[in-house]
Amino acid sequence: MKEKSKPYVIGVDLGGTNTVFGIVDASGKIICEAGIKTGKYASAQDFVTAGVACVRPLIEKVGGIQTIQGMGIGAPNANYYKGTIEFAPNLPWAHKGVVPLAQMFQTELDIPVKMTNDANAATMGEMKYGAGKSLKDFIVITLGTGVGAGIVINGQLVYGHDGFAGELGHVIVDHGKDARLCGCGRKGCLEAYCSATGVARTAREMLTTTDTPSQLREKPLDTIESLDVAIAASKGDQLALNIFNFTGRILGQACADFAAFSSPEAFIFFGGLCRSGELIMKPIRESYEQSVLKIFKGKAKFLISPLMDTNAAVLGASALAW
């Protein structure tokens, strides 16, 4: 007799700052969710222990572990084929080696666990529920603590031979001698300029190298975050607008390069930085059209994910578990 299908899966969005656990049903509805601080823990085992403690009450809410089909995890530097996180620059417990995280959670919860790159998880969410539903060729760019990307070609998510394809956040965009050091150990990566942390870094640099009046000068330099820049820009603060224009110019140029290898129908942007809307999207589009090869001009759409408030990464990660 065939075993009755279990009604729920667990989707996990493991980001550089926060990790969110969600119970998801077969229609893609997040039933309940809770989170922990990713970087709070000294070791991977401490993180897993805290994660299990966080997710168990959610499991009990839906009837216990016997209702759970499995768990899917989206994480930085995750290897889809091996279920490992490998040398993740933004994870203090995983930046120096290889962590078999899928197996660790599987041992603790006694359910099947699959894992993929966090940006790929967001991309899977877009493919199934979001802006990518009707598209076959597109690139999702996640703007969070880091910069991630998921590449879809002819309806297929690109993993590469080793599971690490799509690390567009670590394409070098500044080859100068003063290029910023990235968390990965290299200099000049896109992530060092266009992530939320990169925007805060740009703000600190502009505040110390220009005399442009700005409400940002009222805050201590080391406390400025990308949200502060967005709030100031929304009020017409010129320095904050300059920061967004600088960031958007670099992102637009990078997208122009990405178009050359996959000719996407659309670039879909996801992450907290996108909540600033046209403040970031307008300079991205303008820079792209100025930089892109002539045969690609005017063809790609630039979209903000419609799943921003529903956590596409949780949904996408949950799809792995089905």
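Since this is a predicted model, take the numbers as computed values, not measurements.

Chemist: Would you mind showing me how to read the environment of Asn 18 here?
Modeler: Inspection of the secondary structure puts Asn 18 in strand 2 (residues 18-25). Linking Asn 18 and Val 199, residues 181 residues apart in sequence, is a C-alpha distance of 19 Å. Discounting residues that sit within four places of it in the chain, Asn 18 has contacts with Asp 13, Ile 36, Lys 37 and Thr 38. Side chain to side chain, Asn 18 and Lys 37 meet in a polar contact 3.0 Å long.

Chemist: Please explain the sheet that holds strand 6 (residues 84-86) as it appears in this structure.
Modeler: Within a sheet, neighbouring strands are paired by backbone hydrogen bonds and run either parallel or antiparallel to one another. Pairing is antiparallel across the open sheet formed by three strands, whose spatial order is 5-6-7. Of all the strands in the sheet, the pair left with one neighbour each is strand 5 (78-79) and strand 7 (98-99). Relative to strand 7, strand 6 runs antiparallel, the two sharing two bridges. By the bridge assignment, Glu 86 is partnered in strand 7 with Val 98.

Chemist: What exactly am I supposed to notice about the packing of aromatic side chains here?
Modeler: In this description, an aromatic ring pair is defined by two values, namely the gap between the centres and the angle between the planes. In this structure the tally under the stated criterion is 13 aromatic pairs. Ring geometry for Phe 47 against Phe 105: centres 6.4 Å apart, planes inclined by 90 degrees, an arrangement best described as edge-to-face. Of the two residues, Phe 47 sits in helix 1 (residues 44-61) while Phe 105 sits in helix 2 (residues 101-109), which places them 58 residues apart along the sequence. When its relative accessible area of 0% is taken as the criterion, Phe 47 is described as buried. Overall, the relative accessible area of 1% leaves Phe 105 in the buried class. With centroids separated by 5.1 Å and ring planes inclined at 20 degrees, the aromatic side chains of Phe 267 and Phe 302 adopt a geometry described as stacked. Remark: Phe 302 occurs in strand 13 (residues 301-304) and Phe 267 occurs in strand 12 (residues 266-270); sequence separation between them is 35 residues.

Chemist: Would you mind going over the pattern of salt bridges with me for this structure?
Modeler: Following the criterion strictly, the structure yields four salt bridges and no others. Between Lys 177 and Asp 178 there is a salt bridge, with the nearest N and O atoms lying 3.5 Å from each other. Exposure remark for Lys 177: the relative accessible area of 72% places this residue in the exposed category. What makes Asp 178 exposed here is its relative accessible area of 66%. Between Glu 286 and Lys 282 there is a salt bridge, and its shortest N-O distance comes to 2.8 Å. Here the residue Glu 286 and the residue Lys 282 both occupy positions in helix 8 (residues 278-291), the gap between them amounting to four residues, near one helical turn. Residue Lys 282 is classed as partly exposed on the basis of its relative accessible area of 43%.

Chemist: Any chance you could explain unusual backbone geometry here in plain terms?
Modeler: Backbone geometry places Asp 110, a non-glycine residue, at a positive phi of 60 degrees. On the secondary structure map, Asp 110 appears in the loop between helix 2 and strand 8 (113-117). A relative accessible area of 68% means that Asp 110 is categorised as exposed.

Chemist: Would you explain helix 3 (residues 118-129) in this entry?
Modeler: Helical geometry: 3.6 residues make up each α-helical turn, so side chains three or four residues apart lie on a common side. Here helix 3 spans 16 Å end to end across twelve residues, near enough to the 16 Å set by a 1.5 Å rise per residue. Taking burial as the measure, the twelve residues of helix 3 include nine buried ones, the bulk of the element. The set of residues buried in helix 3 consists of Ala 119, Asn 120, Ala 121, Ala 122, Thr 123, Met 124, Gly 125, Glu 126 and Tyr 129. A side-chain oxygen of the first residue of helix 3 lies 2.8 Å from the backbone nitrogen of Ala 119; this N-cap is Asn 117.

Chemist: Would you take a moment to explain the pairing of strand 13 for this structure?
Modeler: Remark: a regular strand shows side chains that alternate across the two faces of the sheet. With four bridges connecting them, strand 12 and strand 13 associate as parallel partners. Across the sheet, residue Phe 267 finds its bridge partner in strand 13, namely Phe 302.

Chemist: Just to check I follow, could you spell out the sheet that holds strand 3 (residues 30-37) for this structure?
Modeler: The sheet built from five strands is open, its strands ordered 3-2-1-4-8 with mixed pairing. Each of the sheet's edge strands pairs with one partner strand only, and the pair in question is strand 3 and strand 8. Strand-to-strand, the axes of this sheet are offset by a mean angle of 20 degrees, without reference to chain direction. Relative to strand 3, strand 2 is paired through seven bridges, and the arrangement is antiparallel. Directly across from Asn 18, in strand 3, lies its bridge partner Lys 37. Packed onto the sheet, helix 2 meets strand 1 (8-14), strand 2, strand 4 (68-75) and strand 8 and runs at close to 155 degrees relative to strand 8.

Chemist: How do you make sense of helix 2 when you look at a structure like this?
Modeler: Listing the buried residues of helix 2 in full gives Leu 101, Ala 102, Met 104, Phe 105 and Leu 109. Seen end-on, helix 2 carries its buried residues on one side only, within an arc spanning 165 degrees. Looking at the residues trailing helix 2, positive phi occurs at Asp 110, about 60 degrees.

Chemist: Honestly, the nonpolar core in this entry has me stumped. Any pointers?
Modeler: Across soluble globular proteins, nonpolar side chains show a tendency to be buried alongside one another. If you look at the biggest cluster of nonpolar residues, it comprises 58 residues, and the most contacted ones within it are Ile 141, Val 229, Phe 267, Phe 269, Tyr 288 and Phe 302. When residues in this core are grouped by element, the largest group, eleven residues, is from helix 7 (residues 238-262). Membership of the second largest hydrophobic core comes to 37 residues, among which are Val 62, Trp 93, Phe 105 and Val 113.

Quick notes on the rules
Residues numbered from 1 in each chain as written. Predicted model: local features only at pLDDT ≥ 70, side-chain atom pairs only at ≥ 80, totals over all residues. Heavy atoms only, no water. Helix = DSSP H or I, 4+ residues; strand = E, 2+ residues; numbered from the N terminus. Contact = heavy atoms within 4.5 Å. Polar contact = N/O pair within 3.5 Å; in protein donor to acceptor, adjacent residues only side chain to side chain. Pairing = 2+ DSSP bridges. Phe/Tyr/Trp six-rings, centres within 6.5 Å; stacked < 30°, edge-to-face > 60°. Buried < 20%, exposed > 50% of the residue type's maximum accessible area, 1.4 Å probe, protein only. Salt bridge = Lys/Arg side-chain N within 4 Å of Asp/Glu carboxyl O. Expected span 1.5 Å × (residues − 1). Axes fitted to C-alpha atoms, helices over the stretch in contact; angles between N-to-C directions. Arc of directions from axis to C-beta. Core = buried A, V, L, I, M, F, W, Y, C linked by side-chain atoms within 4.5 Å.

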